[in-house]
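For reference, the chains in residue letters:
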Amino acid sequence: MCEESPESQHDRQSDRAQQSQAYDADPQEAVQSQPATEPESPVGPADSAGAPAESADESAAAPAQVPVVAVVLAAGFGTRFDSRNPKQLVAVANKPVVCWSIEAFEYDPRITDIVVVVNPQVRDEVERLVDEGGYAKVRAIIEGGAERVDSTESALQMLADFGIPQDAKVLIHDSVRPFIERSSIDGCIDALDEFDAATVAMASTDTILVTEDLGDRKVVHAVPDRSDMFRAQTPQAFRFKTIRHAYELAAQDPDFHPTDDTRVVVDYLPDTRVAIVAGSESNMKITTQDDLEMVKRFAFEATRKRAIDRVQGMVRPDEA
């Protein structure tokens, strides 16, 4: 990790505070402060090399780009991992898990903004890591709730308060899946051009058994076709108005206890189709100490790929 002086860290904290004030002054403009880079239609004024700017007619004809916001959920306590050592702060290849996840979105030029949701116990440390890492797309670090859905709701409320457009694309990701592939992130963004919801998932290589209770023992109730079975991963992606409405409906249900955001849409907006985006084995979730040992083998390849992503993100699409 890079080291910065206290003065530099203070400057970055001030910058983030100014961005938050900018949200209040003009919410939609602030959320769109870094428009997504679309290879097929770069926009903006002429660059220093003399590339021509778009004419007024061309600019009016081009479709407006919407914010693409990554919500990184890092509020879990991880009692199955180590209650005294939060897993989102554990280092893999000398970098905290939460930093790996933030960087996956930071280095993707199509992501415009990042919101990190934390629990109070780790907030100060995550603030420090974000400042130290210089993650410019992190617009806010907010506190989540007791359960995962509470953390998602906190992020959605914050985005609503900031006036995010209803058609904005929101990708919700578990911070303890540190090695999400760029192809999966971009696959979610693309899927939302056709669907209002999408989720990264892996085809199951095992036969899945649906069970029922028979006294003190579970028995097999059904054996679904394996070709239709997938293992859910994250990010899970939605048009903002879709996930926001699903949570509004869910809040009226006293039995509302979903374990992920796709479930909220499937249960409360059953007519909304959720597209499947290809996941990867490297996108595994860290739950126990054994999982931590397994994900270490993905660190080297992730470092190589993200270095390439970072360089490509610095190049204008028309120069690549």
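Residues numbered from 1 in each chain as written. Predicted model: local features only at pLDDT ≥ 70, side-chain atom pairs only at ≥ 80, totals over all residues. Heavy atoms only, no water.

## Considerations on the environment of S183
Relative to the elements of secondary structure, S183 occurs in helix α7 (residues 182-191). Residue S183 is classed as exposed on the basis of its relative accessible area, which comes to 52%. Placed 95 residues apart in sequence, S183 and A278 show a C-alpha to C-alpha distance of 8.2 Å. (Helix = DSSP H or I, 4+ residues; strand = E, 2+ residues; numbered from the N terminus. Buried < 20%, exposed > 50% of the residue type's maximum accessible area, 1.4 Å probe, protein only.)

## Let's talk about the side chain of D113
With respect to the helices and strands, D113 occurs in strand β4 (residues 113-118). Among the polar contacts listed, one links the side chain of D113 to the side chain of T112, at a separation of 2.5 Å. Among the polar contacts listed, one links the side chain of D113 to the side chain of R139, at a separation of 2.6 Å. (Polar contact = N/O pair within 3.5 Å; in protein donor to acceptor, adjacent residues only side chain to side chain.)

## Section: the nonpolar core
Formed by 32 residues in total, the largest nonpolar core has its most connected members in F105, I111, I114 and L171. In terms of residue count, helix α4 (residues 97-106) provides more of this core than any other element does, 5 residues in total. Excluding anything up to four places from it in sequence, L171 contacts V68, V69, A70, V71, F105, I111, I185, C188, I189, P235, Q236 and A237. With 30 residues, the next largest nonpolar core counts V115, L159, A197 and V265 among its residues. (Core = buried A, V, L, I, M, F, W, Y, C linked by side-chain atoms within 4.5 Å. Contact = heavy atoms within 4.5 Å.)

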